[in-house]
Amino acid sequence: MSEPLLHVEDLRVSFATEDGLVQAVDGVSFEVDRGEVVAIVGESGSGKSVSAMTVMGLTRGPNARIDGVVTLDGQELLKASESQLQRIRGGSIAMVFQDPMSSLNPVYRIGDQIIEQIRTHQPHVSRAQAAERSVELLERVGIPRARERMRSYPHEFSGGMRQRVMIAMALSCSPKVLIADEPTTALDVTIQAQILDELRELREQTRAGIILVTHDLAVVADIADRVIVMYAGRVVEQGTLDELFYDPQHPYTWGLLGSITRIDRDRSKRLPAIPGVPPSLLHPPAGCHFRPRCPHAFGQCMQVPELNARVADAPAHLDRCWLTVEQKRSVRQVDGQIGLASPSAVVS
Amino acid sequence: MSATGADGDATGLGVSDGAVGGHSGASGALMEVEHLRVLFPIKSGLVVDRTIGHVHAVDDVSFTLREGETLGIVGESGCGKTTLIRTLVRLLDPTAGVIRFRGEEITGRSRRQLQPVRRQMQMVFQDPQASLNPRKRVGQILATPLKLRGLAGDRIEAESRALLERVGLHAEHLGRFPHEFSGGQRQRIGVARALAVEPRLILLDEPVSALDVSIQAQVINLLEDLQEELHLSYVFVAHDLSVVRHESDRIAVMYLGKLMEVSPSEELYDKPIHPYTSFLLMAIPIPDPAENRARTRQVVTGEVPSPIDPPAGCRFHTRCPRASDLCREVEPQLTEYARGHLAACHHPQNVSPAEIAAARRSEATPLSAGAETPRLPVSSA
Amino acid sequence: MARFLIRRGLTMIALLFAISLVTFLLFIVVLPGGNPASMLAGRLANPSEVQLISHRYGFDQPVYVQYFKTMANIFDGSAYSYQSSFNVDDQIRQGLPTTVSLALGAGIIWLLVSILFGTLAAIRAGRYTDRVLTVLSMVGVSMPPFFLGAVIIFYLGYKTSILPINGYVPFTQSPIQWAYHLIAPWFTLSVLFIGFYSRVLRSTILDTLSEDYVRTARAKGLSPRRVLVHHVLRTSLLPIISLWGLDFAQVIGGGAILTESVYGLHGVGYLAAQSVGKLDTVTLLSIVMLTAIAVVVLQALVDFLYAVLDPRIRLA
Ligand SMILES: Nc1ncnc2c1ncn2[C@@H]1O[C@H](COP(=O)(O)OP(=O)(O)OP(=O)(O)O)[C@@H](O)[C@H]1O
Ligand SMILES: Nc1ncnc2c1ncn2[C@@H]1O[C@H](COP(=O)(O)OP(=O)(O)O)[C@@H](O)[C@H]1O
Ligand code: SF4
Ligand code: SF4
Ligand SMILES: [Mg+2]
Ligand SMILES: [Mg+2]
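Residues numbered from 1 in each chain as written. Chains lettered and ligands numbered in written order. Predicted model: local features only at pLDDT ≥ 70, side-chain atom pairs only at ≥ 80, totals over all residues. Heavy atoms only, no water.

Evaluation of the coordinates by the stated rule reveals 19 aromatic pairs over all chains. Ring centres 5.3 Å apart and planes at 75° place the aromatic pair Phe 24 of chain C and Tyr 67 of chain C in the edge-to-face group. Of this pair, Phe 24 of chain C sits in helix H1 (residues 2-30) while Tyr 67 of chain C sits in helix H4 (residues 63-76); the two residues are 43 residues apart in sequence, bridging distant segments of the chain. By relative accessible area, which is 0% here, Phe 24 of chain C ends up buried. A residue is classified by how much of its surface remains accessible, and Tyr 67 of chain C, at 5% relative accessible area, is buried. Seen from their ring centres, Phe 193 of chain C and Tyr 197 of chain C are 6.1 Å apart, and the 75° between their planes marks the pair as edge-to-face. Here Phe 193 of chain C and its partner Tyr 197 of chain C are both found in helix H8 (residues 175-209), four residues apart, which amounts to about one turn of the helix. The residues Phe 193 of chain C and Tyr 197 of chain C share a single accessibility class, namely buried. An aromatic cluster of at least three residues, connected via ring pairs, comprises Tyr 255, Tyr 276, Phe 279 and Phe 316 of chain B. The aromatic ring of Tyr 108 of chain A is capped on one face by Arg 234 of chain C, whose charged end is 4.8 Å from the ring centroid. (Phe/Tyr/Trp six-rings, centres within 6.5 Å; stacked < 30°, edge-to-face > 60°. Helix = DSSP H or I, 4+ residues; strand = E, 2+ residues; numbered from the N terminus. Buried < 20%, exposed > 50% of the residue type's maximum accessible area, 1.4 Å probe, protein only. Lys NZ or Arg CZ within 6 Å of the ring centre and 35° of its normal.)

Take a look at the structure:
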């Protein structure tokens, strides 16, 4: 097998805060191949964004401690110098952020913001050439009358159009990896569908690897090839899309799958919600981080479970739970569908 | 343009004579809304500001909310959902139209006269962070509405405890400040505050949009339990159709200030009549990889036009794949098909010829669409 | 644009009218207990003389007539001080070059230095440089000009003769001497503002640094310097610029009373100080009007600049 495009191994990120050390990411490993969409899902604060941003060196700072290995096409990034990283940011790795309303600078024209990125990475390109390229990019992401819209300011665009501009900007230097951090969370479902289409097309055309950070499993089902589920800084399960949806191994994943309201299912009276709230990363619970919310917890859960392949014939399907595969398969069925526990048994 | 059979064109409908579309003074109605309009003036001028146009935020909306019912309102952002429910509790004044609460008209009333009615309707806001005063303890936040109810001293304390437990929090939380809670817990406090005045009706504006999925489910369950225990009615606003459908008995689909479709929630997914509803449904990804792959999805195109200068005829015609000349000129009537399922479309889908024959004009039809269904030639492709 | 100019012009006129009316009523009608005519006529004058003066100056006329006459005199340059009988306009005209010189130099210094200090403190937030600058600006804010001025005059003037002790040399006469004589006043006046401005700038920059679009700029691969100058400073400077406009206008209108007095600069501030001492209401009224005009004009300029720097703001 050839070297993967992006390789992340045992990534650990902690921040020193006034209240103490926050272990935001605690041993995350994954790979992204060309033309592949890897989704990172989890509740807010679980470390999705920090994982994604660390790949680009955006979490570096005096109070951050970063360990692990990140390689892009064989080049190590965590130890790369700031100027090497500058070439990679926006060049080989581009990023699209959650809130398109605030991610573009309000005081510069749309066109100028794209041109700025092109010319940062290709200084030999003239302004006029860069402008021409920007128009093409805007047309490609479906902005009508792109040439005129180059002179618009971000506040003159709707949320969906701004997110297209962000994508156009990300595409401007033909990145090998695109990191999209909740690219559709702030948008209407109709616009979300358009943006997801855009990402799909991008993958087809450029064979870029995409890391999609989201908390929405429906979006994941729509576009991802592989899924990483994070909980309180740790990966609790990872596998292919089908493995994760049809043979989920971690109780937290069951909880996520169970709590979704589905448009295509009958309206059941109660949703099988996960009880409780995510733990504080300042004082995470001992052993399995999910233990305080897990109805299946038992004695062994006081020790941290390893992230291992436990399902036969699925070497890439990893999870972090002490239950045996047989136990998991029997307890995850709730009212004929996957869930954490019977909703009536759960005290909220 | 449209296929024959189930997808027949609904034209040449008879005029309805009676109360249809759940729109009458019949008993069981908690709130009746008739031809409600909320326009925001846009001002500009060289020296003195003149009104040069209006934002048509809510444009001639009528519906009835029954006791104990949950009415869901969905639509893309900017379609007027928030404006509509803020007007229902009279946080905004309507430009035209009538709102009746338990048979009494509340549209013309002054703030003072509204007091007793206000207490029966409460609102829960989207952003649980922004809607709670950060400098007040939970106890104080709950005490204000309890005093309004006429309770005193130790009764307030006891009632606050009871309220917190009811929404799944603990009595010891009374002394804490809002920022010491998670988003889901803050939304519970918002619900507790709404419950404090013992309302009949709670209007929820995107109550779970700012929350994580797992916490969303907790809050949704809580709302359902409360409804059952206290026999509350809800108006539930959200842009997420799957959450709304889970929560509601009936769903109203809004577009650019107008109602496009009102449907019993079981029917909406299987039998959307209005093309816009299909459009919204199609955009929702299904959290099941196999079903998602099996589904052929039409790409949803375009964006919502400006509500300052909404399109003539059917407001949806600029994005509608079924639009005809008729749609561009004539505003469709809200038509009631079987079982209280209303839609405003010249070329409805998923309706049988029998249903078309039995269909009647709903009184909830906007005034601008005319009093009678004109007998227009069937537009064909 | 036309809309902005017309609206601004009208508000400016309305504002000036209101300010003039209020100050007139305060100064002429309410404040100086007693009759200005008897003040003018001197202590030994008899009632008929007072009446004569009263009539000549129009003090016996209704208040609104007095108001319009006074304002007309102030604006066409024919107002005379009741105390000194000097033409008020001439006096202000004499003081204005000194004050404008002081304001321009000091204004540029305090703006540039506080941008430098504020930016440095922000990008080094929490570190040594930031702490030193924090202490410095606290000292600056709490340093009264008369004290700082006195110290400078004593050490750099009397003791070492490095700087002149006081006085003003017109720019047209000798630009070098002009600057040489103004260095100490410029510095003294700036210190106060630098402390305050750099604090404000520091906190706006820190706010801007956490904006999403700054993160985007970094993710685009821009150099830290470009991120700072193009994406952070441009928006962070806005509040500083509007503060600057107001403070600069104040100094033009004689606001630097202490600095002008300490250094013996016979500018508008010095004139104001003297008029206060003599209860010279007509002169004071004229100076207030000058300040008002300066403030209103600079505010309009600042608003215009704002709209240029931030396209979300529409001129209206
Ligand atoms: N610069 C920082 N300093 C201190 N703590 C941080 C910093 N950045 C992130 N964290 C903490 O790290 C944890 C993970 O944050 P992250 O932003 O990755 O969460 P997320 O899963 O993306 O959540 P969301 O959906 O809310 O964006 C959180 O507890 C957060 O408070
Ligand atoms: N105070 C206001 N002044 C002018 N326009 C407004 C005001 N409030 C809302 N609008 C406009 O009314 C329309 C409907 O708004 P809203 O009800 O908030 O939409 P939703 O809740 O569906 O997102 C939007 O176009 C919005 O911009
Ligand atoms: S390890 Fe234990 S506590 Fe953790 S998820 Fe598995 S069963 Fe639950
Ligand atoms: S009436 Fe409106 S929704 Fe119906 S077909 Fe015509 S344009 Fe489409
Ligand atoms: Mg995030
Ligand atoms: Mg809203």
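Anyway, onward from the coordinates.
The next subject is the pairing of strand E3 (residues 70-74) of chain B. Residues and elements named next belong to chain B. Counted residue by residue, E3 has five buried out of five residues, so it is predominantly covered. By the alternation rule, side chains of E3 split into Thr 70, Gly 72 and Val 74 and Leu 71 and Ile 73, which are all buried. The pairing of E3 with strand E9 (residues 250-255) spans four bridges and is parallel. From the neighbouring strand, Ile 73 faces E9, where its bridge partner is Ala 252. (Pairing = 2+ DSSP bridges.)

The next subject is the site of ligand 4. Ligand 4 sits among 13 residues. The nearest are Cys 314, Cys 320, Cys 327, Cys 345 and His 346 of chain B. Looking at the shell around ligand 4, its residues break down into eight nonpolar, four polar and one charged. (Near = heavy atom within 4 Å. Nonpolar A, V, L, I, M, F, W, Y, C, P; charged D, E, K, R; others polar.)

Here we take up the environment of Phe 193 of chain C. All names here are of chain C. The class for Phe 193 is buried, based on a relative accessible area of 12%. Separated by 54 residues in sequence, Phe 193 and Asp 247 have C-alpha atoms that sit 8.7 Å apart. Contact partners of Phe 193, with chain neighbours within four places excluded, come to Trp 110 and Asp 247. (Contact = heavy atoms within 4.5 Å.)

In this section: the pairing of strand E7 (residues 201-205) of chain B. All names here are of chain B. Counting buried residues in E7 gives five out of five residues, a clear majority hidden from the surface. Burial along E7 is two-sided: the face carrying Leu 201, Leu 203 and Asp 205 and the face carrying Ile 202 and Leu 204 are both buried. Here strand E6 (residues 121-124) pairs with E7 via four bridges, running parallel. Counted as the bridge partner of Gln 122 is Ile 202 from E7.

Take the interface of chain B and chain A next. Taken together, the contacts link 48 residues of chain B with 47 residues of chain A. In total, chain B and chain A occlude about 4000 Å² of area from one another, counting both sides; carbon and sulfur atoms represent 52% of this. Area buried by chain B at its contact with chain A is led by His 246, Pro 287 and Glu 303 of chain B, which between them contribute 16% of it. Put simply, Glu 291 of chain B and Arg 262 of chain A hold a salt bridge, and the shortest N to O gap is 3.4 Å. Joining chain B to chain A, the criterion identifies 12 residue pairs in polar contact (both at pLDDT 80 or more). Ranked by residue count, the leading element in the side of chain B that touches chain A is helix H6 (residues 213-230) of chain B, at 10 residues. Of the residues contributing to the side of chain B that touches chain A, the split by class is 19 nonpolar, 14 polar and 15 charged. (Buried area = accessible area lost by both parts, 1.4 Å probe. Salt bridge = Lys/Arg side-chain N within 4 Å of Asp/Glu carboxyl O. Polar contact = N/O pair within 3.5 Å; in protein donor to acceptor, adjacent residues only side chain to side chain.)

So, about a nonpolar patch on the surface. Residue and element names in this part refer to chain C. Taken together, the side chains of Phe 146, Phe 147, Val 151, Phe 154, Tyr 155, Leu 156, Tyr 158, Ile 162, Ile 165, Ile 257 and Leu 258 make up a nonpolar region of the molecular surface, amounting to roughly 1000 Å² of accessible area. Elements represented by at least two residues in the nonpolar patch include exactly helix H7 (145-159) and helix H11 (257-262). Here the nonpolar patch gets seven residues from one element, more than from any other, and that element is H7. The class of Phe 154 is partly exposed, set by a relative accessible area of 39%. (Patch = residues over 30% accessible without salt bridge, like charges linked within 9 Å, V, L, I, M, F, W, Y side chains within 5 Å. Areas by Shrake-Rupley, 256 points an atom, 1.4 Å probe, with all protein chains shown as cover.)

Residues and elements named next belong to chain C. Parsing chain C into structural domains produces domain 1 (2-76) and domain 2 (93-309). Relative placement of domain 1 and domain 2: their C-alpha centres are 33 Å apart. Residue-level contacts link 16 residues of domain 1 with 14 residues of domain 2. Contact between domain 1 and domain 2 buries roughly 1500 Å² in total, counting both sides, with carbon and sulfur atoms accounting for 89%. Applying the counting criterion to the domain 1 and domain 2 interface returns one salt bridge. With a closest N to O distance of 2.4 Å, Asp 303 and Arg 8 form a salt bridge. (Domains from an automatic or database assignment.)

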